[in-house]
Every structure is written in structure tokens, then in C-alpha cells.
Amino acid sequence: MSLHHFASPSGRPLDELLAAYAAGHLSGPLHALVASHLSIKPDNRAFVAALETLKGDELEAMAPAPITNREARLAAIFDAIDPPAPRPALGCDVVPGPLARVIGREFNAVPWRTVLPGIKEFRLKEEVDGEASLLWIRPGRTMPSHTHDGSEITLVLKGGFTDATGHYTRGDIAIADSEIDHRPRADEGEDCVCFAVTDAPLRLTGTVGRLVQRIFGH
Ligand code: ZN
């Protein structure tokens, strides 16, 4: 049985994302997004653990290759392993450790850029196939209407927001595909901080969208 086979028994996009994570198929920022989701909320830990076990069973089911000269091979393997560099103890109440390491700085040292009144962004630079951003939205603010060429996967880190697909609070993952023209609105009463990964540049719709598109430069 391949991972693909049981990737999404329920057809939920979130299950596909979790399966891709368990299979080790996700890139840096998206991997950190799912790891952070699991660290904040216990809901999906059992599901991911089950997928990882199935993946392990698959590996064990493979015919074992004969190992010759075991000692030399083990020595070569140990030589090839670099001890992991000590990592700074990043992470805080808002940003969990896995995500803090991807962002590479303390949350209170993030160089925010205002993109609209009440909406600030910090975009991670080094992404080639997609974009990853931290977003800070003031209470009650609505993001400009937009669609995506690909998926936009958003993890709520603080506060919450509502769009056509539902209401999301800290630890929740929202997935918007290319079909959804959405206008996420931050909850009243608390700032909303999110980490969003898109696998294609956003395509903004409407007048505000065109304005923002100019500011964003695409
Ligand atoms: Zn979106």
C-alpha cells in the first residue's frame, strides 16, 4: 500500500496536508507550519502518528538488502553524520519553536511592513516555489478579496479569523484553494497573527486587490 493510497480517506484537504507531512514530503516553511499546528493543538497528533507508523511498516516490508562489511559501513555512516549545530532557543507564546526556527528571529524582532492600514506583513525571503509570510491583522480588519493560483495554507498563531470556509483560532489550519475568492476577517477584540504559505503568488481581485497588488509588486 502506498502513502498515496491512504492519503485522504475523508477527502479533507487538511488530511492530505497531514499525510504529506507524515511522508516527509513538505518543504521548509510548510513543514514548520504543520509541526507548529501539531505542537499547539493535540487534535491531529494521533492521525499523524498513525500515518508515520504505516510509513515505517512500509519500510520494514521492503526486502532487506544484504549488508557486507558491517563495521566499515557503520563507521562510514557515523562519520557522515555532522553533529547538529546548537540552535538558539527561539519560540514564544505566539510562535512555536518549529516556526521560530524558520522565521529565524524572535517574534518581537520581526521587521513588519505595513501593507494596508491595520495589516502588516513579514515575508520570508528565500522561497522559490511559493511564498511564506507572517501576517498581523488588527481586530475586525478584513483582508482584501483575493484568489490564489495554488493553495494558501494558513496557521493561526494568535486571535482568530473567519472566511467563507469557517472560523479559525490559534492552532487551526485554513486551506484556501484556487476556487475560493475569500476575504478573511480578523475577530473583534484581539489582534490576529497568522503564518501563511502559498504555492503560487496571490491573485488579488477587486479595486483594493489591484492596489495591494501594486504594493506587493506582483
Ligand atoms: Zn487567501
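Preceding this section is the structure that the text describes.
Here is what the cut-offs are and how they apply
- Residues numbered from 1 in each chain as written.
- Predicted model: local features only at pLDDT ≥ 70, side-chain atom pairs only at ≥ 80, totals over all residues.
- Heavy atoms only, no water.
- Disulfide = S-S within 2.5 Å.
- Buried < 20%, exposed > 50% of the residue type's maximum accessible area, 1.4 Å probe, protein only.
- Pairing = 2+ DSSP bridges.
- Helix = DSSP H or I, 4+ residues; strand = E, 2+ residues; numbered from the N terminus.
- Axes fitted to C-alpha atoms, helices over the stretch in contact; angles between N-to-C directions.
- Expected span 1.5 Å × (residues − 1).
- Salt bridge = Lys/Arg side-chain N within 4 Å of Asp/Glu carboxyl O.

**Brief notes about the state of the cysteines**
Right, so step 1: Applying the stated criterion across every chain, the model contains 0 disulfides.
Right, so step 2: Not part of a disulfide, Cys192 finds its nearest cysteine sulfur in Cys194, a span of 3.6 Å.
Right, so step 3: Residue Cys194 is classed as buried on the basis of its relative accessible area, which comes to 2%.

**Description of the sheet that holds strand 3 (residues 131–137)**
Right, so step 1: Read from one edge of the open sheet, 6 strands run 1-2-3-10-5-8, paired in antiparallel fashion. Edge strands, defined here as strands with exactly one partner in the open sheet, are strand 1 (113–116) and strand 8 (173–176). Neighbour-to-neighbour, the strand axes of this sheet turn through a mean angle of 30°, independent of strand direction.
Right, so step 2: Both strand 5 (residues 152–158) and strand 10 (residues 192–198) contribute to a ladder of 6 bridges, which runs antiparallel.

**A look at helix 2 (residues 28–40)**
Right, so step 1: For helix 2, with 13 residues, the first-to-last C-alpha span of 18 Å sits near the 18 Å given by 1.5 Å per residue.
Right, so step 2: Residues Pro29, Leu30, Ala32, Leu33, Val34, Ala35, Ser36, His37 and Leu38 constitute the buried set of helix 2.

**Looking at the sheet that holds strand 7 (residues 166–169)**
Right, so step 1: Spatially, 7-6-9 is the arrangement adopted by the 3 strands of the open sheet, whose pairing is antiparallel. The open sheet has two free edges, formed respectively by strand 7 and strand 9 (185–186), since each of these has just one partner strand.
Right, so step 2: Bridge count between strand 6 (residues 160–163) and strand 7: 4 bridges; the pairing is antiparallel. The residue of strand 7 that forms the bridge with Gly160 is Thr169.

**Observations concerning the pattern of salt bridges**
Right, so step 1: All chains considered together, the criterion is met by 8 salt bridges.
Right, so step 2: Of the charged contacts, one joins Arg113 and Glu121 as a salt bridge, the two residues approaching to 3.4 Å between their closest N and O atoms.
Right, so step 3: Look at Arg113 and you get partly exposed, because its relative accessible area is 38%.
Right, so step 4: The class for Glu121 is buried, based on a relative accessible area of 6%.
Right, so step 5: With its nearest N and O atoms 2.7 Å apart, the salt bridge here joins Asp191 to Arg138. You can see Asp191 sitting in the loop between strand 9 and strand 10 and its partner Arg138 sitting in the loop between strand 3 and strand 4 (146–148), a full 53 residues away along the chain.
Right, so step 6: Classification of Asp191 by relative accessible area gives buried; the value is 17%.
Right, so step 7: Each of Arg113, Glu121, Arg123 and Glu131 takes part in a single network of salt bridges with overlapping partners.

Interpretation in functional terms is not warranted from these geometric data alone.
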